[in-house]
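Architecture and fold: a report
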Amino acid sequence: QLQLVESGGGLVQAGGSLRLSCAASGRTAKTDAMGWFRQAPGKEREFVAFINYNGEVTYYSDSVKGRFTVSRDVSKNIMYLQMNELKPEDTAVYYCAAGQHYGVVIDRTRVQSWGQGTQVIVSA
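Residues numbered from 1 in each chain as written. Predicted model: local features only at pLDDT ≥ 70, side-chain atom pairs only at ≥ 80, totals over all residues. Heavy atoms only, no water.

Our focus in this paragraph is the packing of aromatic side chains. Inspection of the entire model under this criterion finds 6 aromatic pairs. Consider the rings of Y95 and W114, whose centres lie 6.3 Å apart with planes at 85°: the pair is edge-to-face. Remark: W114 occurs in strand β10 (residues 113-114) and Y95 occurs in strand β9 (residues 92-99); sequence separation between them is 19 residues. Since its relative accessible area comes to 13%, Y95 is described here as buried. Residue class for W114 comes out partly exposed when judged on its relative accessible area of 29%. An aromatic cluster of at least three residues, connected via ring pairs, comprises F37, F47, F50, Y59, Y95, Y102 and W114. Between R45 and the ring centre of Y95, over which it is positioned, the NZ or CZ distance is 3.6 Å. Across from the ring centre of W114, 4.5 Å away, lies the NZ or CZ of R45, which sits over that ring. (Phe/Tyr/Trp six-rings, centres within 6.5 Å; stacked < 30°, edge-to-face > 60°. Helix = DSSP H or I, 4+ residues; strand = E, 2+ residues; numbered from the N terminus. Buried < 20%, exposed > 50% of the residue type's maximum accessible area, 1.4 Å probe, protein only. Lys NZ or Arg CZ within 6 Å of the ring centre and 35° of its normal.)

With that settled, consider the sheet that holds strand β3 (residues 18-25). Spatially, β1-β3-β8-β7 is the arrangement adopted by the 4 strands of the open sheet, whose pairing is antiparallel. Here the strands that pair on one side only, and so sit at the sheet edges, are β1 (3-7) and β7 (68-73). Strand-to-strand, the axes of this sheet are offset by a mean angle of 15°, without reference to chain direction. As paired strands, β7 and strand β8 (residues 78-83) are joined by 6 bridges and run antiparallel to one another. Within the sheet, the bridge partner assigned to D73 lies in β8 and is I78. (Pairing = 2+ DSSP bridges. Axes fitted to C-alpha atoms, helices over the stretch in contact; angles between N-to-C directions.)

Here is the structure:
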């Protein structure tokens, strides 16, 4: 398992931008696939974005495609989520996730490592 620490959440107006970071440490920090999930109050945790071990393959949920960009600095073991054109419905706690491959990281029931979460609030 990896140790994952998110940062960068906060309060932003609709239409604004935020960048989240996730610092990874552990034996498989350079080989695990990673991703982002979010959980709004009263809702299930949902998949947001995926990135493979070297940053060359990404995948997004339909709700954020075209507005969010996931990236990864392999040398520093940090993953980012650039969030643009934010909407009130993007308000949630955002979680960093990691696992051996795509099938693990996009399924919340199979994720192998979780961060503690960072709050994002988008005001109307």
